[in-house]
Amino acid sequence: MSTEQDQYWMRHALQLADKAQSQGEIPVGAVLVKDNKVIGEGWNQSISQHDPSAHAEMVAIRDAGKNLQNYRLVNSCLYVTLEPCSMCAGLLIHSRIDRLVFGASDFKTGAAGSLLDLLGDPRMNHIVQVQSGVLAQECGDKLSAFFKLRREQKKRLKNKA
(Lines give C-alpha, C1' and ligand atoms only; values in the text may rest on other atoms or scores of the structure.)
Protein backbone atom coordinates (compact mmCIF):
# COMPACT_ATOMS: atom_id res chain seq x y z
CA MET A 1 0.00 0.00 0.00
CA SER A 2 1.10 3.55 -0.64
CA THR A 3 1.37 6.26 1.98
CA GLU A 4 -1.60 8.03 0.35
CA GLN A 5 -3.77 4.90 0.62
CA ASP A 6 -2.74 4.36 4.23
CA GLN A 7 -3.68 7.96 5.06
CA TYR A 8 -6.98 7.66 3.17
CA TRP A 9 -8.05 4.59 5.16
CA MET A 10 -6.78 6.06 8.44
CA ARG A 11 -8.98 9.10 7.82
CA HIS A 12 -11.88 6.67 7.41
CA ALA A 13 -10.95 5.10 10.75
CA LEU A 14 -10.85 8.60 12.31
CA GLN A 15 -14.43 9.18 11.11
CA LEU A 16 -15.42 5.94 12.82
CA ALA A 17 -13.68 7.15 15.98
CA ASP A 18 -15.99 10.17 15.85
CA LYS A 19 -18.97 7.78 15.95
CA ALA A 20 -17.54 6.23 19.11
CA GLN A 21 -17.10 9.62 20.72
CA SER A 22 -20.63 10.70 19.81
CA GLN A 23 -21.84 7.64 21.74
CA GLY A 24 -19.74 8.49 24.81
CA GLU A 25 -17.12 5.87 23.98
CA ILE A 26 -13.34 6.27 23.83
CA PRO A 27 -12.78 7.57 20.27
CA VAL A 28 -11.11 4.66 18.51
CA GLY A 29 -12.12 3.57 15.03
CA ALA A 30 -11.07 0.65 12.83
CA VAL A 31 -11.62 -0.31 9.21
CA LEU A 32 -10.62 -3.60 7.59
CA VAL A 33 -9.73 -3.39 3.91
CA LYS A 34 -9.19 -6.05 1.26
CA ASP A 35 -8.47 -5.27 -2.40
CA ASN A 36 -8.91 -1.57 -1.53
CA LYS A 37 -12.52 -2.16 -0.41
CA VAL A 38 -14.04 -2.02 3.07
CA ILE A 39 -14.89 -5.50 4.33
CA GLY A 40 -15.55 -4.51 7.94
CA GLU A 41 -15.62 -1.48 10.16
CA GLY A 42 -16.10 -0.69 13.80
CA TRP A 43 -15.64 1.72 16.64
CA ASN A 44 -15.35 1.30 20.39
CA GLN A 45 -18.63 0.10 21.89
CA SER A 46 -17.52 -1.41 25.21
CA ILE A 47 -19.50 1.03 27.34
CA SER A 48 -22.75 1.00 25.34
CA GLN A 49 -22.66 -2.77 24.78
CA HIS A 50 -21.52 -3.60 28.34
CA ASP A 51 -18.86 -5.72 26.65
CA PRO A 52 -15.16 -5.36 27.47
CA SER A 53 -14.30 -7.07 24.17
CA ALA A 54 -16.21 -4.56 22.00
CA HIS A 55 -13.07 -2.68 20.96
CA ALA A 56 -13.05 -1.06 17.52
CA GLU A 57 -10.79 -3.79 16.11
CA MET A 58 -13.00 -6.59 17.45
CA VAL A 59 -16.14 -5.00 16.03
CA ALA A 60 -14.51 -4.45 12.61
CA ILE A 61 -13.12 -8.00 12.43
CA ARG A 62 -16.45 -9.54 13.48
CA ASP A 63 -18.17 -7.41 10.83
CA ALA A 64 -15.71 -8.58 8.15
CA GLY A 65 -16.10 -12.23 9.12
CA LYS A 66 -19.86 -11.96 8.74
CA ASN A 67 -19.57 -10.04 5.47
CA LEU A 68 -17.13 -12.56 3.95
CA GLN A 69 -18.70 -15.59 5.65
CA ASN A 70 -15.21 -16.62 6.75
CA TYR A 71 -13.23 -16.28 9.96
CA ARG A 72 -9.97 -16.21 7.99
CA LEU A 73 -9.38 -12.72 6.70
CA VAL A 74 -6.28 -13.33 4.59
CA ASN A 75 -4.89 -10.59 2.33
CA SER A 76 -6.54 -7.89 4.42
CA CYS A 77 -5.26 -4.81 6.22
CA LEU A 78 -6.65 -3.37 9.44
CA TYR A 79 -6.45 0.40 9.97
CA VAL A 80 -7.00 1.52 13.54
CA THR A 81 -6.51 4.89 15.20
CA LEU A 82 -4.87 3.44 18.33
CA GLU A 83 -2.34 0.64 18.70
CA PRO A 84 -4.17 -2.62 19.51
CA CYS A 85 -4.13 -4.16 22.98
CA SER A 86 -3.07 -7.78 23.52
CA MET A 87 -6.67 -9.03 23.15
CA CYS A 88 -7.06 -7.35 19.78
CA ALA A 89 -3.56 -8.27 18.64
CA GLY A 90 -4.39 -11.91 19.37
CA LEU A 91 -7.49 -11.60 17.22
CA LEU A 92 -5.44 -10.20 14.32
CA ILE A 93 -3.22 -13.28 14.53
CA HIS A 94 -6.11 -15.76 14.73
CA SER A 95 -7.99 -14.13 11.86
CA ARG A 96 -4.83 -14.17 9.69
CA ILE A 97 -4.88 -10.46 8.89
CA ASP A 98 -1.78 -9.67 6.84
CA ARG A 99 -1.13 -6.09 7.80
CA LEU A 100 -1.91 -3.64 10.59
CA VAL A 101 -1.65 0.12 10.21
CA PHE A 102 -2.21 2.18 13.35
CA GLY A 103 -2.05 5.84 14.25
CA ALA A 104 -1.26 6.58 17.89
CA SER A 105 0.98 4.36 19.99
CA ASP A 106 -0.33 3.08 23.32
CA PHE A 107 2.53 2.83 25.80
CA LYS A 108 0.25 1.48 28.55
CA THR A 109 -1.43 -1.43 26.74
CA GLY A 110 -0.13 -1.52 23.15
CA ALA A 111 0.74 -4.99 21.87
CA ALA A 112 2.12 -4.03 18.45
CA GLY A 113 5.49 -2.77 19.63
CA SER A 114 4.95 -0.22 22.41
CA LEU A 115 4.45 -2.33 25.55
CA LEU A 116 4.56 -5.77 23.91
CA ASP A 117 5.21 -6.99 20.38
CA LEU A 118 2.75 -9.84 20.13
CA LEU A 119 2.29 -9.34 16.39
CA GLY A 120 6.00 -9.66 15.64
CA ASP A 121 6.72 -12.55 18.00
CA PRO A 122 8.34 -15.31 15.89
CA ARG A 123 6.83 -17.96 18.17
CA MET A 124 3.34 -17.12 16.90
CA ASN A 125 1.82 -19.18 14.10
CA HIS A 126 1.14 -16.03 12.05
CA ILE A 127 3.11 -12.80 11.80
CA VAL A 128 1.29 -9.54 11.05
CA GLN A 129 3.17 -6.78 9.24
CA VAL A 130 2.92 -3.54 11.22
CA GLN A 131 3.06 0.08 10.11
CA SER A 132 2.81 2.54 12.97
CA GLY A 133 2.42 6.30 13.18
CA VAL A 134 0.08 6.94 10.23
CA LEU A 135 -1.66 10.24 11.06
CA ALA A 136 -0.38 9.70 14.60
CA GLN A 137 -0.79 13.36 15.58
CA GLU A 138 -4.46 13.49 14.53
CA CYS A 139 -5.20 10.15 16.19
CA GLY A 140 -3.41 11.08 19.39
CA ASP A 141 -4.96 14.55 19.54
CA LYS A 142 -8.47 13.06 19.28
CA LEU A 143 -7.79 10.76 22.23
CA SER A 144 -6.09 13.48 24.30
CA ALA A 145 -8.98 15.89 23.77
CA PHE A 146 -11.48 13.20 24.77
CA PHE A 147 -9.67 12.35 28.03
CA LYS A 148 -9.13 16.02 28.85
CA LEU A 149 -12.88 16.63 28.49
CA ARG A 150 -13.65 13.53 30.55
CA ARG A 151 -11.35 14.74 33.38
CA GLU A 152 -12.99 18.18 33.31
CA GLN A 153 -16.45 16.60 33.52
CA LYS A 154 -15.41 14.47 36.50
CA LYS A 155 -13.89 17.51 38.21
CA ARG A 156 -17.13 19.48 37.74
CA LEU A 157 -19.17 16.61 39.17
CA LYS A 158 -16.83 16.34 42.15
CA ASN A 159 -17.03 20.09 42.80
CA LYS A 160 -20.84 19.98 42.72
CA ALA A 161 -20.88 17.18 45.29
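Just so you know, these numbers come straight off a predicted model, no measurement behind them. (Residues numbered from 1 in each chain as written. Predicted model: local features only at pLDDT ≥ 70, side-chain atom pairs only at ≥ 80, totals over all residues. Heavy atoms only, no water.)

Colleague: What's the story with the sheet that holds strand S2 (residues 37-43) in this structure? I'm lost.
Modeller: The pairing of strands in a sheet happens through backbone hydrogen bonds and is either parallel or antiparallel. If you trace the five strands from one edge of the open sheet to the other, you get S2-S1-S3-S4-S5, paired in mixed fashion. Every other strand in the sheet has two partners, leaving S2 and strand S5 (129-131) as the edge strands with one partner each. Taking the axes of each pair of neighbouring strands and ignoring which way they run, one obtains an average angle of 15 degrees across the sheet. (Pairing = 2+ DSSP bridges. Helix = DSSP H or I, 4+ residues; strand = E, 2+ residues; numbered from the N terminus. Axes fitted to C-alpha atoms, helices over the stretch in contact; angles between N-to-C directions.)

Colleague: Would you mind going over the packing of aromatic side chains with me for this structure?
Modeller: The geometry of an aromatic ring pair is captured by the separation of the ring centres together with the interplanar angle, meaning the angle of the planes. Per the stated rule, a full pass over the model turns up two aromatic pairs. Aromatic side chains Tyr8 and Trp9 sit 4.8 Å apart centroid to centroid with 85 degrees between the ring planes, which places their arrangement in the edge-to-face category. Exposure remark for Tyr8: the relative accessible area of 52% places this residue in the exposed category. Trp9 gets classed as buried once you look at its relative accessible area, which sits at 6%. A centroid spacing of 5.2 Å and a plane angle of 80 degrees characterise the contact between Phe146 and Phe147, whose relative ring orientation is edge-to-face. Residue classification places Phe147 among the partly exposed residues on the basis of a relative accessible area of 33%. (Phe/Tyr/Trp six-rings, centres within 6.5 Å; stacked < 30°, edge-to-face > 60°. Buried < 20%, exposed > 50% of the residue type's maximum accessible area, 1.4 Å probe, protein only.)

Colleague: Is there a simple way to think about helix H4 (residues 86-94) in this case?
Modeller: Structurally, the α-helix is built with 3.6 residues per turn, so residues lying three or four positions apart point the same way. Those residues of H4 that sit buried are Cys88, Ala89, Gly90, Leu92 and Ile93. As for H4, its buried residues are in contact with helix H3 (56-68), strand S3 (76-82) and strand S4 (99-104). Arg96 lies just past H4 and shows a positive phi near 65 degrees. (Contact = heavy atoms within 4.5 Å.)

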